[in-house]
Amino acid sequence: MARPTNTQFALAVHMLTLLTADPQTMQSSELLASSAGSNPVHVRRVLGRRAGLVRSRPGPHGGWLPADTAAGTTLADVWRAVNGDDPVLGLHSASPDCSVGQRIQAALTSIDRRAAAALVAELEHTTIEDLVRSTDAADLPLSA
């Protein structure tokens with residue numbers, strides 16, 4: 001059975017692109033969620049863990065703004081904020097009694113670290129501002 005894909009990185013990039021497209025206008029979680037086909041609570045959870053990438057104001061007239069540096073934020077910055085040092089290959093724990101399992105874990109962990117480094121290196125080439133420009137996000141109205 002296939003396991004669900006974690007979409008927090010894509011959601012965070014989507015939200016940062018929307019926020020950076022109109023950096024002076026506070027956007028509500030509801031509006032952001034409607035753009036992404038998500039839930040406002042999920043949007044708040046994802047954005048709330050992006051320390052330094054967004055600013056927020058709670059309450060009925062609250063919402064989200066990009067941090068001052070969001071335009072220059074790379075996708076690698078977002079990846080690290082969302083995933084930290086989590087494995088990219090979905091590694092599992094092996095039985096401590098299985099010598100093969102323990103060796104496979106060590107081998108896969110090494111491969112995972114190299115794959116993560118290659119992924120981050122590729123993501124360093126694109127900024128949120130690049131996505132604002134390539135998607136014409138600044139020219140498109142947000143719709144709820």
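Preceding block: the structure.
What you are looking at is a predicted structure, and each value in this text was computed from that prediction instead of being measured.

Asks: Which residues make up the overall build of the protein, and what values do they have?
Replies: For the protein, the helix and strand inventory stands at six helices and two strands. Starting at the N terminus, the α and β elements of the protein follow one another as α-α-α-β-β-α-α-α. Of all 144 residues assigned to the protein, the portion counted as buried reaches 33%. If you take every contact in the protein between residues at least 6 apart in sequence, the share linking residues at least 24 apart comes to 66%. Of the roughly 8,800 Å² of accessible surface on the protein, a fraction of 56% belongs to carbon and sulfur atoms.

Asks: Which residues make up the packing of helix α2 (residues 29-36) against helix α3 (residues 40-48), and what values go with them?
Replies: Running from N to C, α2 and α3 cross one another at 100°; their axes reach a closest spacing of 8 Å. With respect to α3, the element α2 is oriented roughly perpendicular. Contact residues: Ser29, Glu30, Leu32 and Ala33 in α2; Pro40, Val43, Arg44 and Leu47 in α3. Across the contact of α2 with α3, the residue classes break down as five nonpolar, one polar and two charged.

Asks: Before we move on, could you go through the pairing of strand β2 (residues 63-66) and cite the residues and values that matter?
Replies: Burial along β2 is two-sided: Gly63 and Leu65 and Trp64 and Pro66, pointing in opposite directions, are all buried. In this sheet, β2 lies alongside strand β1 (residues 54-57) in antiparallel orientation, the contact comprising four bridges. Counted as the bridge partner of serine 56 is tryptophan 64 from β2. The turn joining β1 and β2, which pair antiparallel and follow one another in sequence, is formed by five residues; a positive phi near 105° is taken by glycine 59.

Asks: Which residues make up the pattern of salt bridges, and what values go with them?
Replies: Within this structure, the stated rule accounts for seven salt bridges. When the shortest N-O distance is used, the salt bridge between glutamate 124 and arginine 80 registers 3.1 Å. With glutamate 124 in the loop between α5 (99-123) and α6 (128-134) and arginine 80 in helix α4 (residues 75-83), this pair connects stretches of sequence that are 44 residues apart. Classification of arginine 80 as partly exposed rests on a relative accessible area of 36%. With a shortest N-O distance of 3.8 Å, glutamate 129 and arginine 133 are connected by a salt bridge. Of the two residues, glutamate 129 and arginine 133 are both situated in helix α6; the distance of four residues between them amounts to about one turn of the helix. Given the relative accessible area of 52%, arginine 133 is considered exposed. Salt bridges sharing common partners tie together Asp77, Arg80 and Glu124.

Asks: I'd love a proper account of the environment of tryptophan 79, names of residues and values included.
Replies: Here tryptophan 79 lies in helix α4. Along the sequence, tryptophan 79 and alanine 12 sit 67 residues apart, while their C-alpha atoms lie 8.9 Å from each other. Once residues lying within four places of it in the same chain are set aside, the contact partners of tryptophan 79 are Phe9, Gly84, Val88, Leu119, Val120 and Leu123.

Cut-off values and rules
Residues numbered from 1 in each chain as written. Predicted model: local features only at pLDDT ≥ 70, side-chain atom pairs only at ≥ 80, totals over all residues. Heavy atoms only, no water. Helix = DSSP H or I, 4+ residues; strand = E, 2+ residues; numbered from the N terminus. Buried < 20%, exposed > 50% of the residue type's maximum accessible area, 1.4 Å probe, protein only. Contact = heavy atoms within 4.5 Å. Areas by Shrake-Rupley, 256 points an atom, 1.4 Å probe, with all protein chains shown as cover. Axes fitted to C-alpha atoms, helices over the stretch in contact; angles between N-to-C directions. Parallel < 35°, antiparallel > 145°, perpendicular 65-115°, else oblique. Nonpolar A, V, L, I, M, F, W, Y, C, P; charged D, E, K, R; others polar. Pairing = 2+ DSSP bridges. Salt bridge = Lys/Arg side-chain N within 4 Å of Asp/Glu carboxyl O.

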